[in-house]
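# Analysis of the macromolecular model
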Protein chains: 2
Amino acid sequence: MTDIRPRLRLFVPHALAEGAAVALDRDQTHYLASVMRAAAGEAVLLFNGRDGEWLARIAGLAKAGAALVPERQTRPQAPVPDLWLLAAPLKKERTDLVAEKAAELGVSRLWPVFTRRTNAGRVNLERMRAHLVEASEQCERLCVPELADPAPLDKVLGQWPEGRVLLYLDESGGGVPLAQAIPPGPAALLVGPEGGFDDEERRLLASKPFARPVGLGPRILRAETAAIAALAVWQSVAGDWASSPRG
Amino acid sequence: MTDIRPRLRLFVPHALAEGAAVALDRDQTHYLASVMRAAAGEAVLLFNGRDGEWLARIAGLAKAGAALVPERQTRPQAPVPDLWLLAAPLKKERTDLVAEKAAELGVSRLWPVFTRRTNAGRVNLERMRAHLVEASEQCERLCVPELADPAPLDKVLGQWPEGRVLLYLDESGGGVPLAQAIPPGPAALLVGPEGGFDDEERRLLASKPFARPVGLGPRILRAETAAIAALAVWQSVAGDWASSPRG
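Residues numbered from 1 in each chain as written. Chains lettered and ligands numbered in written order. Predicted model: local features only at pLDDT ≥ 70, side-chain atom pairs only at ≥ 80, totals over all residues. Heavy atoms only, no water.

- Naming follows an unreviewed UniProt entry, where chain A appears as Ribosomal RNA small subunit methyltransferase E of Paramagnetospirillum marisnigri.
- What UniProt records for chain A under Catalytic activity (unreviewed entry) is the sentence "uridine(1498) in 16S rRNA + S-adenosyl-L-methionine = N(3)-methyluridine(1498) in 16S rRNA + S-adenosyl-L-homocysteine + H(+)".
- Regarding chain A, the UniProt comment filed under Sequence similarities (unreviewed entry) reads as follows: "Belongs to the RNA methyltransferase RsmE family." (UniProt positions renumbered as here; feature names shortened; annotations may be inferred.)

## Digging into the nonpolar core
- Judged by nonpolar contacts, the single largest core of 88 residues is most densely connected at Leu85 and Leu216 of chain A together with Leu85 of chain B.
- Each residue touching Leu85 of chain B, except ones within four places of it in the same chain, is listed here: Val98, Ala102, Val107, Arg109, Leu110, Trp111, Leu189, Val191, Ala227 and Leu231 of chain B. (Core = buried A, V, L, I, M, F, W, Y, C linked by side-chain atoms within 4.5 Å. Buried < 20%, exposed > 50% of the residue type's maximum accessible area, 1.4 Å probe, protein only. Contact = heavy atoms within 4.5 Å.)

## Observations regarding the relation of the copies chain B and chain A
- For the pair chain B and chain A, the relating rotation is 180 degrees, the translation along its axis is 0.0 Å, and the fit reaches an RMSD of 0.0 Å. One copy is carried onto the other by what is essentially a two-fold rotation axis.
- A high fraction, 100%, of the interface residues of chain B reappear at the interface in chain A, so the copies pair face to face through one surface. (Least-squares fit on C-alpha atoms with pLDDT ≥ 70 in both.)

## Focus on the pattern of salt bridges
- In this structure the tally under the stated criterion is 41 salt bridges over all chains.
- Between Arg202 of chain A and Asp170 of chain A there is a salt bridge, with its nearest N and O atoms 2.7 Å apart. In this pair, Arg202 of chain A is assigned in helix α6 (residues 199-206) and Asp170 of chain A in the loop between β10 (165-169) and β11 (176-177), connecting sequence segments 32 residues apart.
- Residue classification places Asp170 of chain A among the buried positions, given a relative accessible area of 10%.
- Three or more residues joined by partner-sharing salt bridges are found here, namely Arg94, Glu194, Arg222 and Glu224 of chain A together with Glu100, Lys101 and Glu104 of chain B. (Salt bridge = Lys/Arg side-chain N within 4 Å of Asp/Glu carboxyl O. Helix = DSSP H or I, 4+ residues; strand = E, 2+ residues; numbered from the N terminus.)

## So, unusual backbone geometry
- Phi at Arg37 of chain A takes a positive value of approximately 50 degrees, unusual for a residue other than glycine.
- Structurally, Arg37 of chain A can be placed in the loop between α1 (26-35) and β3 (43-47).

## Focus: the state of the cysteines
- Scanning the model with the defined rule gives 0 disulfides over all chains in all.
- No disulfide involves Cys139 of chain B; its nearest neighbouring cysteine sulfur is the one of Cys143 of chain B, lying 9.1 Å away. (Disulfide = S-S within 2.5 Å.)

## Some words on the interface of chain B and chain A
- With 43 residues of chain B in contact, the opposing surface of chain A contributes 43 residues.
- Taken together, the two surfaces of chain B and chain A that pack against each other cover about 3,500 Å², and 52% of this comes from carbon and sulfur.
- Summed over the shared surface of chain B and chain A, the number is 6 salt bridges.
- Taking the shortest distance from any N to any O, the salt bridge between Arg219 of chain B and Asp240 of chain A comes out at 2.9 Å.
- On inspection of chain B and its partner chain A, the count reaches 20 residue pairs in polar contact (both at pLDDT 80 or more).
- Among the secondary structure elements, those contributing two or more residues to the side of chain B that touches chain A are α2 (92-104), α3 (125-139), α5 (178-181) and α7 (223-237) of chain B. (Buried area = accessible area lost by both parts, 1.4 Å probe. Polar contact = N/O pair within 3.5 Å; in protein donor to acceptor, adjacent residues only side chain to side chain.)

## Overview of the packing of helix α7 (residues 223-237) of chain A against α7 of chain B
- The geometry of α7 of chain A relative to α7 of chain B is characterised by a closest axis approach of 8 Å and an angle of 65 degrees between their N-to-C directions. Where α7 of chain A crosses over α7 of chain B, the handedness of that crossing is right-handed. On the side of α7 of chain A, the interface is formed by Ile228, Ala229, Ala232, Val233 and Ser236 of chain A, while α7 of chain B contributes Ile228, Ala229, Ala232, Val233 and Ser236 of chain B.
- The residue makeup of the contact of α7 of chain A with α7 of chain B, split by class, is 8 nonpolar, 2 polar and no charged. (Axes fitted to C-alpha atoms, helices over the stretch in contact; angles between N-to-C directions. Left-handed = near helix turned anticlockwise from the far one by under 90°. Nonpolar A, V, L, I, M, F, W, Y, C, P; charged D, E, K, R; others polar.)

## With respect to the packing of helix α2 (residues 92-104) of chain A against helix α3 (residues 125-139) of chain A
Residue and element names in this part refer to chain A.
- Interhelical geometry of α2 versus α3 gives an angle of 40 degrees and a closest axis separation of 8 Å. As for the relative orientation of α2 and α3, their crossing is right-handed in sense. Between α2 and α3, the residues in contact are Lys92, Thr95, Asp96, Ala99, Glu100, Ala103 and Glu104 and Arg127, Met128, His131, Leu132, Ala135, Ser136 and Cys139, respectively.
- Along the lines of polarity and charge, the residues of the contact of α2 with α3 split into 6 nonpolar, 3 polar and 5 charged.

## Some points on the side chain of Asp170 of chain A
- Only 2.7 Å separates the side chain of Asp170 of chain A from the side chain of Arg202 of chain A, close enough to count as a polar contact.
- When residues no more than four places from it in sequence are discounted, the contact partners of Asp170 of chain A are Gly175, Arg202, Pro213 and Val214 of chain A.

Shown next as structure tokens:
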């Protein structure tokens, strides 16, 4: 496309097809009308994770709701790399950051995992999901990462799916450099909390044939830095950053 | 070292040598006494960017100042990889984040660069430096990244040092995947503002033999995400993340 892309891009749950009007909920209507000051007739890109990306027009804009009419598909649906991020919840702002960057950096699934040294007692899934959606809208993804139900580490490891390698960031420094440890195929990156994994968790991880300790150099990285850096390295080695740039 | 590392680690300007007392300024004294509730006799790690890392003891702690006495060197001085990050200033919190992550991810120099679409009119260098110092203390660096004087892009390009490649993040999608574009030797990564480079800047960059456009995959990354991700990829390919893990 050489024409100017619309400044508005929204994730919607509706099916997308030519001429089939989409009714926005109150929050998205507020965003369009009051935050972005959009007007009837303005173009909006829509995606739902299934039907690709569509150019739609605002047909009506009232306080209670807006109606958008898809006109044509701008991109067909395409998969993201099969990469999960398992992350122990951190303080609120750092968890927000991990969610935002996980979406930008192309994960297919974000999975909050509780470890023994995790300080956060619970996770605000709604808040996390809002960050995933907003980042997905901005970075031009065609889907929002799946947000898996938070679970304790031992339970996650106990029901691990066959065929997926688990690369865990070993802050004790014992791991293989991440870039050298990435096999082809489905993968998951696991980043512990600020305090790291405890001895029992370390033993449990070492006992699992699908799990490999990896490292990111000689400096001590904060948990969210390790998560973001690991995603970037994985995308460069095995993900969609290795292929040719976008057209 | 198998013993427990001190919880306190400080960057100081003083020379470090056995028995030569170091007088902390008011801010660091406040941090030790009031924030960390340290007491006389407690161990503190010190580094100054020149003399390696030293184990010191708090000899005295008063409101006006604290005295620390270095006892033994724990690590000799060692260089960080020769990597610069040139970054257009962003909104305050995003600029804070870039400074913090640049230190953690091992840059030798951070250089704020003004481009035509840079929204921030000025840079708070003191604030940026505070983030660099704090992150350097926490991530166990032996030096704080140099903070270069902010300058306009054309001036920076006009006096570029020989022998250093400039890899600029080309958000238009025309760049070679970063991991495939990294040569050995001194390097700099350049990340533009949220609005990207304008046409004239793009032509100027393309005219420089030391500059190469690079890309980070098909999604549109926010400026600070691109900076962090690019640093991680560079460290994995040409920096100190490729060598064996720390002992």
